[in-house]
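# Coordinates in review
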Amino acid sequence: MKILISSCLLGEDVRYDAENSSVAYNPNFSFALKELFMDILCDNEIYSFCPEVQGGLSTPRDPAEITSLTKPFRVETINNEDVTINFLVGAKKALDLCLEEKIKVALLKAKSPSCGNIEIYDGTFSNNLIEGQGMTARLLNENGITVFNENQLKELKQFIKTNN
Ligand code: SF4
């Protein structure tokens, strides 16, 4: 199955701080989960994608949070720079890739203002999480693409089994 995956989960240094969120090297993941992650990578066709880089932002970059979760959306950096258009472009490019390649499922990084699929930071840069989706996760979901995060690997595996 074709799967869109957040580049940082694959170990690419594309995060705002020029680090990555590698699952394979994350000490908080059990070996069994890392093995499951590697099985998913090996058994499927992986499309690595970072919406923020694809939206034209540099690495490193200032951290950003969503300050308006409904239209008109607004995403701001910690220095109050409006980066909404970059997040919208990144999300649209992710959707275009999924539609072109007929990708039906994505594994995206939890809590990110682009990739988070269940909760995100509240826009105040105070480490508070709220229920909500990142800009890319939301657009993919709205277009019928199922989004999981790295803490839902078993659910993703089940999805692949059911839909393959
Ligand atoms: S935008 Fe997504 S893929 Fe890119 S660094 Fe942030 S969480 Fe990772």
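In case you missed it, the structure is sitting above this.
A few points on the structure. Quantities reported herein were computed from a predicted structural model and do not represent experimental measurements.

With that out of the way, let us pick up unusual backbone geometry. The omega angle of the peptide bond from Thr59 to Pro60 is 0 degrees, so this bond is cis rather than trans. Tracing the backbone shows Pro60 in the loop between helix H2 (51-54) and strand S3 (64-68). With phi around 55 degrees, Lys102 is a residue other than glycine that occupies positive phi space. In this fold, Lys102 is placed in the loop between helix H3 (84-101) and strand S5 (105-108). Phi is positive for Phe125, close to 55 degrees, though the residue is something other than glycine. Mapping Phe125 onto the fold places it in the loop between strand S6 (119-121) and strand S7 (129-131). Given a relative accessible area of 27%, Phe125 falls into the partly exposed group.

Before going further, it helps to spend a moment on H3. Note: α-helices contain 3.6 residues per turn, so residues at a spacing of three or four share the same orientation. Counted at 1.5 Å a residue, the expected span for H3 with its 18 residues is 26 Å, and the 26 Å between its end C-alpha atoms agrees. In this fold, the buried residues of H3 make contact with strand S1 (2-6), strand S2 (45-49), H2, S3, strand S4 (74-77) and helix H4 (135-142). Two residues or fewer past H3, Lys102 is found with a positive phi of approximately 55 degrees.

Let's shift gears to the packing of aromatic side chains. Applying the stated criterion to the full structure yields one aromatic pair. A ring pair is formed by Phe148 and Phe159, whose centres lie 5.6 Å apart and whose planes are at 65 degrees; its orientation type is edge-to-face. With Phe148 in strand S8 (residues 146-149) and Phe159 in helix H5 (residues 153-163), the pair connects residues that are 11 residues apart, well separated along the chain. We note that Phe148, like Phe159, is buried.

As for its placement among the helices and strands, Ser6 is situated in strand S1. Look at Ser6 and you get buried, because its relative accessible area is 2%. A polar atom in the side chain of Ser6 sits 3.0 Å from the backbone nitrogen of Lys109.

Our focus in this paragraph is the pattern of salt bridges. Inspection of every chain in the model, using the stated rule, returns eight salt bridges. Of the charged contacts, one joins Lys2 and Glu101 as a salt bridge, the two residues approaching to 3.4 Å between their closest N and O atoms. Of this pair, Lys2 sits in strand S1 while Glu101 sits in helix H3, and the two are 99 residues apart along the sequence. A residue is classified by how much of its surface remains accessible, and Lys2, at 25% relative accessible area, is partly exposed. A residue is classified by how much of its surface remains accessible, and Glu101, at 27% relative accessible area, is partly exposed. Between Glu52 and Arg61 there is a salt bridge, and its shortest N-O distance comes to 3.0 Å. Glu52 gets classed as buried once you look at its relative accessible area, which sits at 12%. Linked through salt bridges whose partners overlap, the residues forming this network are Arg74, Glu76 and Asp82.

What counts and how
- Residues numbered from 1 in each chain as written.
- Predicted model: local features only at pLDDT ≥ 70, side-chain atom pairs only at ≥ 80, totals over all residues.
- Heavy atoms only, no water.
- Helix = DSSP H or I, 4+ residues; strand = E, 2+ residues; numbered from the N terminus.
- Buried < 20%, exposed > 50% of the residue type's maximum accessible area, 1.4 Å probe, protein only.
- Expected span 1.5 Å × (residues − 1).
- Contact = heavy atoms within 4.5 Å.
- Phe/Tyr/Trp six-rings, centres within 6.5 Å; stacked < 30°, edge-to-face > 60°.
- Polar contact = N/O pair within 3.5 Å; in protein donor to acceptor, adjacent residues only side chain to side chain.
- Salt bridge = Lys/Arg side-chain N within 4 Å of Asp/Glu carboxyl O.

Geometric descriptors of this kind do not, in isolation, establish any biological role.
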